[in-house]
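Survey of secondary and tertiary structure
Listed below, chain by chain, are the residues.
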Amino acid sequence: VSNQIQSKFRGSLLGSLMGDCLGAPFEGELVSSGDKIIIQRYFDKMEKPEYEGPFKKYTDDTAMMKSVAKFLVTTPEPDLNYLAKLFVNEYYNEPKRGYGQSVATVFEKLKHSKYTDIFRPASEQFDGRGSYGNGGAMRIAPISLYFHNDLENMIKLARDSTRITHGHMLGINGAILQALAIRQAFLLDPTETVKADEFCNTLLKQIHEVEKSYFEDLEDNSEDLPYCAKIKQIKYFLNQEFTDDLQEEIIENLGHGISAYDSVPIAIFCFLKAQNPIPRIETNNVFRRTIQFAITMGGDTDTIACMAGAIVGAHLGEEAINKTLLKHCEKYDDIIALAHKLYENRQLQ
Ligand code: 8NA
Ligand code: MG
Ligand code: MG
Ligand code: MG
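First things first, this report covers the structure right here in the doc. Being a predicted model, the structure only gives us computed values, none of them experimental.

Before going further, it helps to spend a moment on the site of ligand 1. Looking at ligand 1, there are 22 residues lining it, with Ser-102, Ser-131, His-166, Asp-300 and Thr-303 nearest. A distance of 3.5 Å separates a nitrogen atom of ligand 1 from a polar atom in the side chain of Glu-27. Within the side chain of Asp-302, a nitrogen or oxygen atom sits 3.2 Å from an oxygen atom of ligand 1. Expressed as a share of its isolated accessible area of 840 Å², the protein-covered part of ligand 1 is 83%. Judged by the proximity of its atoms to the pocket grid, ligand 1 belongs to the largest pocket. When contributions to the shell around ligand 1 are tallied by element, the ones reaching two or more residues are helix H3 (60-74) and helix H16 (301-316). Looking at the shell around ligand 1 residue by residue, the class counts come to 5 nonpolar, 11 polar and 6 charged.

What follows covers the coordination of the magnesium ion (ligand 4). Looking at the metal site, the magnesium ion (ligand 4) is ligated by Asp-300 (OD), Asp-302 (OD) and Thr-303 (OG1), spaced 2.1 to 2.2 Å from it. Each donor residue of the magnesium ion (ligand 4) lies on one chain, and together they are spaced D-x1-D-T. In this model, the magnesium ion (ligand 4) sits 3.5 Å from the magnesium ion (ligand 2), the two metals being bridged by Asp-302. Assessed through its relative accessible area of 3%, Thr-303 is described here as buried.

Take the packing of helix H9 (residues 151-163) against helix H10 (residues 169-187) next. At their nearest, the axes of H9 and H10 sit 9 Å apart, and the two run at 140° to each other. Accordingly, the angle class assigned to the pair H9 and H10 is oblique. Relative to H10, H9 is oriented so that their crossing is right-handed. Counting all contacts with H9, which are made through Leu-151, Met-154, Ile-155, Ala-158, Arg-159, Thr-162 and Arg-163, the residues of H10 involved are Gly-171, Ile-172, Ala-175, Ile-176, Ala-179, Leu-180 and Arg-183. Split into classes, the residues belonging to the contact of H9 with H10 amount to 9 nonpolar, 2 polar and 3 charged.

Side chains of residues three or four places apart in an α-helix project in the same direction, reflecting 3.6 residues per turn. Spanning 13 residues, H9 covers 18 Å between terminal C-alpha atoms, matching the ideal 18 Å at 1.5 Å per step. Within H9 the residues assigned to the buried category are Met-154, Ile-155, Leu-157, Ala-158, Asp-160, Ser-161 and Thr-162. Buried residues belonging to H9 abut H3, helix H4 (80-93), helix H8 (141-146), H10 and helix H11 (196-212).

For the rest of this paragraph, the subject is the packing of aromatic side chains. Both the distance between ring centres and the angle between the ring planes are used here to describe each pair of aromatic rings. Under the defined criterion, the tally for this structure stands at 14 aromatic pairs. A ring pair is formed by Phe-242 and Phe-293, whose centres lie 5.2 Å apart and whose planes are at 75°; its orientation type is edge-to-face. Of this pair, Phe-242 sits in the loop between helix H12 (226-238) and helix H13 (244-254) while Phe-293 sits in helix H15 (residues 286-295); the two residues are 51 residues apart in sequence, bridging distant segments of the chain. Side by side, Phe-242 and Phe-293 carry an identical accessibility label, which is buried. Joined through ring pairs, the aromatic side chains of Tyr-91, Tyr-92, Tyr-99 and Phe-107 make up one cluster.

Turning to the pattern of salt bridges, a few remarks are in order. A complete count under the given rule lists 14 salt bridges for this structure. Two residues, Glu-318 and Arg-10, come together in a salt bridge whose shortest N-O distance is 3.4 Å. With Glu-318 in the loop between H16 and helix H17 (323-326) and Arg-10 in helix H1 (residues 2-23), this pair connects stretches of sequence that are 308 residues apart. The same class applies to Glu-318 and to Arg-10, which are both buried. Residues Asp-160 and Arg-163 are paired through a salt bridge, measuring 3.3 Å at the closest nitrogen-oxygen approach. In this pair, Asp-160 and Arg-163 are both assigned in helix H9, 3 residues apart and thus about one turn of the helix distant. Accessibility expressed as a relative area gives 10% for Asp-160, which makes it buried. Note on Arg-163: relative accessible area 29%, which makes it partly exposed.

Cut-offs applied
Residues numbered from 1 in each chain as written. Chains lettered and ligands numbered in written order. Predicted model: local features only at pLDDT ≥ 70, side-chain atom pairs only at ≥ 80, totals over all residues. Heavy atoms only, no water. Near = heavy atom within 4 Å. Polar contact = N/O pair within 3.5 Å; in protein donor to acceptor, adjacent residues only side chain to side chain. Areas by Shrake-Rupley, 256 points an atom, 1.4 Å probe, with all protein chains shown as cover. 1 Å grid on protein atoms, 1.4 Å probe; cavity = no way out; pocket = protein on both sides within 12 Å on 5 of 7 lines; lining within 4 Å. Sits in = over half its atoms within 2 Å of the grid points. Helix = DSSP H or I, 4+ residues; strand = E, 2+ residues; numbered from the N terminus. Nonpolar A, V, L, I, M, F, W, Y, C, P; charged D, E, K, R; others polar. Donors = N, O, S within 2.8 Å, 3.2 Å for Na, K, Ca; no water. Buried < 20%, exposed > 50% of the residue type's maximum accessible area, 1.4 Å probe, protein only. Axes fitted to C-alpha atoms, helices over the stretch in contact; angles between N-to-C directions. Parallel < 35°, antiparallel > 145°, perpendicular 65-115°, else oblique. Left-handed = near helix turned anticlockwise from the far one by under 90°. Contact = heavy atoms within 4.5 Å. Expected span 1.5 Å × (residues − 1). Phe/Tyr/Trp six-rings, centres within 6.5 Å; stacked < 30°, edge-to-face > 60°. Salt bridge = Lys/Arg side-chain N within 4 Å of Asp/Glu carboxyl O.

Purely geometric stuff here, so don't read any function into it on its own.
Right, dumping it as structure tokens:
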């Protein structure tokens, strides 16, 4: 059992890295059937053992995920001020990792206010509405793994770690939804195919609890809660025959953009759909299929593939990862070491 847990820690962080690194070159591109062939060839080429191309660089997604993992392994009790400092230091060391256009303002303010109120800079973004970007969700994997047997604290820390940069309800709850999806995948048997309907029903129950507190004056009707509605759409799309037309409809409804609302749901959809073969995603490896499929959705490809990769990695573990693909990802050995530390520290708690 402990070996399996350790493998899932590594699998999820490596899946997150791999989606980020392999997805980054396609960021912002639109998808056409031609692009699908290009992406298929890109994976086929990199998968060949003899291929020696330069590694694919990771972006802000991994840079920030590393900080979240370090924050959990360094202090005995999670210290959010320390996490804010890690984010800021990481950003100033390597600002050119493709960060969102607005989040740099938060880092500047955190630094200049000497971390007196770590939630304030984020709360001031967008005229006080806060960012709804997917920046909280893209870095959340270490929290799901670390708190896999403590749902309440997982949700709390997913929320608070996100609030350092994202003040908008949709940015925060999107990060919580992604954390819940990773945790659920983590808890499932890697030798069994995930039952998509059950997976969605559990997510729906959990995110409903989270969302309803924001809509207290509303009747208890989950149809009206934003992420609950998206999960119902995921269930609907999973039961349709997958065609190019359906893909367009999926992108239109689930989104593929830089907001959490328009990216976390499609990442979850990709994970669930890739449990089984998908037309024109030619591979037998479920891990690769998930990431390749996520990239063919276009838009914010690094982040959508990063999130889908974190979920499938938490389900299948490290063994399922194609090693010839992994070696093209920048600093994958650092991520393995970090996952190991995270696991060891969890055992000490
Ligand atoms: P962020 O907080 O800067 O948000 C990203 C962007 O979302 C902002 O710059 C705005 O354009 C928009 N936005 C967020 N909240 C609001 C709001 N309340 N009102 C109006 N617009 C809003 O950064 P983040 O950390 O959330 O960003 C994450 C994404 O940006 C990731 O995908 C990451 O990889 C990066 N990124 C994406 C692209 C891309 O083209 N897809 C390019 C560069 C960087
Ligand atoms: Mg990125
Ligand atoms: Mg980017
Ligand atoms: Mg991105």
